[in-house]
Amino acid sequence: MPKSPTKRRPATVAALTDSALALFAERGFHATSISDIVQRAGLTRGAFYSNFRDKEELFLALYDTHTDRLLSELRNQTASFTDAADPVGRVFDLLATHDAQERSWFLVSMEFTLHAARHPDVARALAEHEERLNTGLAEILGRCIESGGHPPDVSPTALARLVVALYEGLTAMRVTHTTTDADPTPLARRALPLLVRALGAPGE
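Now for a look at the structure at hand. On a predicted model such as this, the values are computed, not experimentally measured, just so you know.

So, on to the overall build of the chain. Each helix and strand in the chain was counted, giving nine helices and zero strands. Starting at the N terminus and ending at the C terminus, the chain contains elements arranged as α-α-α-α-α-α-α-α-α. The 204 residues of the chain split such that 38% are buried. Nonlocal contacts in the chain, meaning residues at least 24 apart in sequence, comprise 68% of its contacts between residues at least 6 apart. Entry remark: accessible area of the chain is about 11,400 Å², with carbon and sulfur atoms responsible for 57%.

This part is about the packing of aromatic side chains. Enumeration over the complete set of coordinates arrives at eight aromatic pairs. Ring centres of F24 and F29 lie 5.2 Å apart, and the angle between their planes is 55 degrees; this geometry places the pair in the tilted category. The pair formed by F24 and F29 is uniform in burial state, with each residue classed as buried. For the pair F59 and F112, a centre-to-centre distance of 3.9 Å together with 20 degrees between the ring planes defines the contact as stacked. Taken together, the residues F59 in helix α4 (residues 55-77) and F112 in helix α6 (residues 100-117) connect sequence positions 53 residues apart. Among the aromatic residues, those joined into a ring-pair cluster are F24, F29, F59, Y63, W105 and F112.

What follows is about the nonpolar core. Nonpolar side chains tend to gather and get buried jointly when the protein is soluble and globular. In terms of nonpolar packing, the biggest core is built from 50 residues, with F24, L58, F59, F92, L137 and L141 touching the most fellow members. If you list the elements that add at least two residues to this core, you get α1 (5-27), α2 (34-41), α4, α5 (87-96), α6, α7 (120-147), α8 (156-174) and α9 (185-199). Those residues within four positions of L141 in sequence are excluded, and the remaining contacts are V88, V91, P156, L159, A160 and V163.

Looking at the secondary structure, you find T17 in helix α1. You can call T17 buried: its relative accessible area is 13%. A distance of 3.1 Å separates a polar side-chain atom of T17 from the backbone oxygen of A14. Apart from residues no more than four positions distant in its own chain, T17 is found in contact with F52, L58 and L62.

Next up on the list: the pattern of salt bridges. Per the stated rule, a full pass over the model turns up 10 salt bridges. In this structure, the salt-bridge partner of R27 is D36, at a minimum N-O distance of 3.1 Å. Of the residues examined, R27 reaches a relative accessible area of 46% and is grouped as partly exposed. Here R53 makes a salt bridge to E57, at a shortest N to O gap of 2.9 Å. Judged by its relative accessible area of 23%, E57 falls in the partly exposed class. Salt bridges linked by common partners bring D64, D68 and R132 together as one network.

Here the focus is α8. Across its 19 residues, α8 extends 27 Å between first and last C-alpha, which sits within 8% of the 27 Å expected from 1.5 Å per residue. Within the sequence span of α8, burial applies to A158, L159, A160, L162, V163, V164, L166, Y167, L170 and T171.

Parameters and conventions
- Residues numbered from 1 in each chain as written.
- Predicted model: local features only at pLDDT ≥ 70, side-chain atom pairs only at ≥ 80, totals over all residues.
- Heavy atoms only, no water.
- Helix = DSSP H or I, 4+ residues; strand = E, 2+ residues; numbered from the N terminus.
- Buried < 20%, exposed > 50% of the residue type's maximum accessible area, 1.4 Å probe, protein only.
- Contact = heavy atoms within 4.5 Å.
- Areas by Shrake-Rupley, 256 points an atom, 1.4 Å probe, with all protein chains shown as cover.
- Phe/Tyr/Trp six-rings, centres within 6.5 Å; stacked < 30°, edge-to-face > 60°.
- Core = buried A, V, L, I, M, F, W, Y, C linked by side-chain atoms within 4.5 Å.
- Polar contact = N/O pair within 3.5 Å; in protein donor to acceptor, adjacent residues only side chain to side chain.
- Salt bridge = Lys/Arg side-chain N within 4 Å of Asp/Glu carboxyl O.
- Expected span 1.5 Å × (residues − 1).

Structural data, given as structure tokens:
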């Protein structure tokens, strides 16, 4: 018997998000239309609007999926950080060594960030979803620091925001500077302990 709409929904959502992610990476968020997304997914516009209000809501679903995958990977990779002398730096290293797929996601997410900057309602929605990433990363950093016996001078939340800001800045530089000697990661890695100490200084 045919599946009910409720049972078909996960497959429909997966088809739409997979299609959108591929098209956003190939063409960009603005250059991709809803018609393009449903055509590539082999679905109808009705199927799209049954699950998402617009492209923005679909992108935020992609953002949450990416966040969940990234945090899951980090939790698994940091499970053995019980004796890390520099747990914050180790987490940063894991982020900084992500592959070409992560670079593609960065391009998609940065375009959407610029879009959100010009639309306050979208910006507020994006900030809420970004907080999910910051909260998860703060939990990971806090656990790593505590298990390693290195009390933090600053809250894990502040550290999470610092690590994300460094990572996004480095990735932005990498997409325009492709030579190895232009990679700023080593410099940022050396600066990270200094920044962490500065955040924990009086008057923070």
